[in-house]
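Fold and geometry: a report
Given next are the chains, with one letter for each unit.
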Amino acid sequence: MASIPFHFLVLCSIILSITFPIPSQASFRPKAVVLPVTKDSSTLQYLTTLYQRTPLVPVKLTLDLGGKFLWVDCNRGYSSSSYSPARCRSTQCSLAGSKICISCFTGPLPGCNNNTCGLSPDNTVTRTSTDGEVARDVVVVRSTDGSIPGPVVSVPKFLFTCGATFLLQGLPSGVQGMAGLGRTRISLHSQFSASFSFDRKFAICLSSSSTSSGVAFFGGGPYMMLPGIDVSKSLIYTPLIINPVSTASSYFAGEPSTEYFIGVKSIKVNGKQVPLNASLLSIGKEGNGGTKISTVNPYTVMQTSIYKAVVGAFVKELSQVRRVAPVKPFRACFDSNSIGSTRVGPGVPQIDLVLQSSSVYWRIFGANSMVQVKEGVLCLGFVDGGLSPTTSIVIGGHQLEDNLLQFDLATSRLGFSSSLLFRQTTCSNFNFTTKA
Ligand SMILES: *[C@@H]1O[C@H](CO)[C@@H](O)[C@H](O)[C@H]1NC(C)=O
Ligand SMILES: *[C@@H]1O[C@H](CO)[C@@H](O)[C@H](O)[C@H]1NC(C)=O
Ligand SMILES: *[C@@H]1O[C@H](CO)[C@@H](O)[C@H](O)[C@H]1NC(C)=O
């Protein structure tokens, strides 16, 4: 498969030479690192692969934008001579924010040691969590100059949490855990930034195809997509908002959410304002309401009253097109033969998420609003989240595809590119070919 960033055997030989220090390589300081992101066609999850352990093995993970940290199943097949549990009251435990000390009676084994601090790894797809030990092991990734992959680089003591085999339920087969990019000191971007002295920035660009991979960058731009387009140069910015109350399935009182919220103030369809209950759009005292971005929801989820209003406005603007029987989980479906096509997908009314001012909006075009559910049928790809979901709007994967999103933690703002299709490129156009 051409999208695999580098061949594993090649990687092994490169690692071997890093393990035995060679001055020129030891002093190599990456500008940024890059991970491939593929889409699983059956679960619609976005997957990435890291290399971890000694000897190194590829570890396939579900990417979780709001996730707290990296967790992997340590119970089945974890073997590594460089694994080390984080001892209670160590600096690693305080960095991880762990407040518990655990014992284990069937070890010592990876995931089962005495006097180790613990965290709760979360399967955010099924909303299941468990307790697991915090540990360290080597992680290896590709560096990049922003246009092609460069030498591999390693983080010798990358902190993660041990999950359990049952926690993998709901993830695609072969996946061994989740890669969290949330707002914590031990999420992937935080550890890459700390290890390589990067700017506290990362970007994701999800591919709409399950056969060619998208990309995640850590450390900042440029973000070059073939044919030579630097996407970092033309981003629109909006503040990232911290939800003071955790939105995880298990947490301690007083913990803020590790997910990324933005301030959607109103929604327009074809330039016309959709009447909405504005109080649902702000974050309430209990952390409910507001708008977040999620890579574990395949489609945007809206609280029922917002959903009905947006679908109603959309159907009205598209009244010249024949509606057909709805296909679950969608409600508004159309005969695609009577919808024209444009550079940015099916020619349907634009949906704008209006942000901090009327001139700053996230515009959703047909490629991101419509889902082809079968031959001849296109549905509006939003789903009803019920009357009282924790978060009123969850912007999901289909709406993120072929849009680059940059999360800048230092300035607390989101940069978004809008549809790359306008610029005749896509998120699968990062050149993953390594130099011979
Ligand atoms: C943890 O300590 C208990 C009690 O001292 C002991 O029985 C157990 O074997 C130890 N477990 C490990 C993993 O060392
Ligand atoms: C608007 O939403 C808030 C928060 O859910 C709710 O308390 C209020 O009753 C709603 N107002 C209307 C007019 O539906
Ligand atoms: C992709 O990068 C490789 C070097 O890593 C280069 O040889 C190749 O020409 C590039 N492909 C394109 C389409 O620019």
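On a predicted model such as this, the values are computed, not experimentally measured, just so you know.

Our focus in this paragraph is the UniProt feature "domain: Peptidase A1" (unreviewed entry) in the protein chain. Here, UniProt's "domain: Peptidase A1" (unreviewed entry) annotation points to residues 46-417. Within residues 46-417, the helical portion is 10% and the strand portion 38%, while the C-alpha atoms at the span's ends are 19 Å from each other.

Attention now goes to the domain arrangement of the protein chain. Under the domain assignment used here, the protein chain contains domain 1 (4-220) and domain 2 (230-429). Every contact between the two is made by 38 residues of domain 1 and, on the other side, 36 residues of domain 2. Here domain 1 and domain 2 share an interface that buries about 3,000 Å² over both sides, 55% of which is from carbon and sulfur atoms. Interface area lost by domain 1 to domain 2 is led by Leu65, Arg183 and Arg200, which between them contribute 24%. At the boundary of domain 1 with domain 2, the tally comes to 1 salt bridge. Here Glu401 makes a salt bridge to Lys39, at a shortest N to O gap of 2.8 Å. For the pair domain 1 and domain 2, the interface holds 17 residue pairs in polar contact (both at pLDDT 80 or more). Those elements that provide at least two residues to the side of domain 1 that touches domain 2 are β3 (57-64), β9 (128-129), β13 (201-205) and β14 (214-218). Ranked by residues supplied to the side of domain 1 that touches domain 2, first place goes to β13 with 5 residues.

This part takes up helix α4 (residues 188-196). Among the 9 residues that make up α4, 7 are buried, leaving the element largely enclosed by the rest of the structure. Three or more residues of α4 are buried, namely Leu188, His189, Ser190, Gln191, Phe192, Ser193 and Phe196. Ser197, located one to two residues past α4, shows a positive phi value of around 55 degrees.

The next thing to look at is the site of ligand 1. Ligand 1 sits among Cys104, Phe105, Gly107, Pro108, Cys112 and Asn114. Between a nitrogen atom of ligand 1 and a main-chain N or O atom of Cys104, the distance comes to 2.8 Å. In this structure, Asn114 approaches ligand 1 through a side-chain N or O atom, which is 2.3 Å from an oxygen atom. Here ligand 1 loses 50% of its free accessible area of 370 Å² to cover by the protein chains. Considered class by class, the residues forming the shell around ligand 1 number 4 nonpolar, 2 polar and no charged.

In any sheet, the strands associate via hydrogen bonds between backbone groups, in a parallel or an antiparallel arrangement. Strand order in the open sheet formed by 4 strands is β23-β24-β30-β29, with antiparallel pairing between adjacent strands. Taken across any chain shown, the strands that pair with only one partner, and hence form the sheet edges, are β23 (323-324) and β29 (370-374). Where β29 lies against strand β30 (residues 377-380), 4 bridges are found, and the strand directions are antiparallel. Note on β30: the bridge partner recorded for Gln372 is Leu378.

Another point: the environment of Ser305. Along the chain, the position of Ser305 falls in helix α5 (residues 304-317). Once the C-alpha coordinates of Ser305 and Asp384 are considered, the two residues, 79 residues apart in sequence, prove to be 8.9 Å apart. Within the structure, the side chain of Ser305 is placed 2.6 Å from the side chain of Gln303, a separation counted as a polar contact.

Parameters and conventions
Residues numbered from 1 in each chain as written. Chains lettered and ligands numbered in written order. Predicted model: local features only at pLDDT ≥ 70, side-chain atom pairs only at ≥ 80, totals over all residues. Heavy atoms only, no water. UniProt positions renumbered as here; feature names shortened; annotations may be inferred. Helix = DSSP H or I, 4+ residues; strand = E, 2+ residues; numbered from the N terminus. Domains from an automatic or database assignment. Contact = heavy atoms within 4.5 Å. Buried area = accessible area lost by both parts, 1.4 Å probe. Salt bridge = Lys/Arg side-chain N within 4 Å of Asp/Glu carboxyl O. Polar contact = N/O pair within 3.5 Å; in protein donor to acceptor, adjacent residues only side chain to side chain. Buried < 20%, exposed > 50% of the residue type's maximum accessible area, 1.4 Å probe, protein only. Near = heavy atom within 4 Å. Areas by Shrake-Rupley, 256 points an atom, 1.4 Å probe, with all protein chains shown as cover. Nonpolar A, V, L, I, M, F, W, Y, C, P; charged D, E, K, R; others polar. Pairing = 2+ DSSP bridges.

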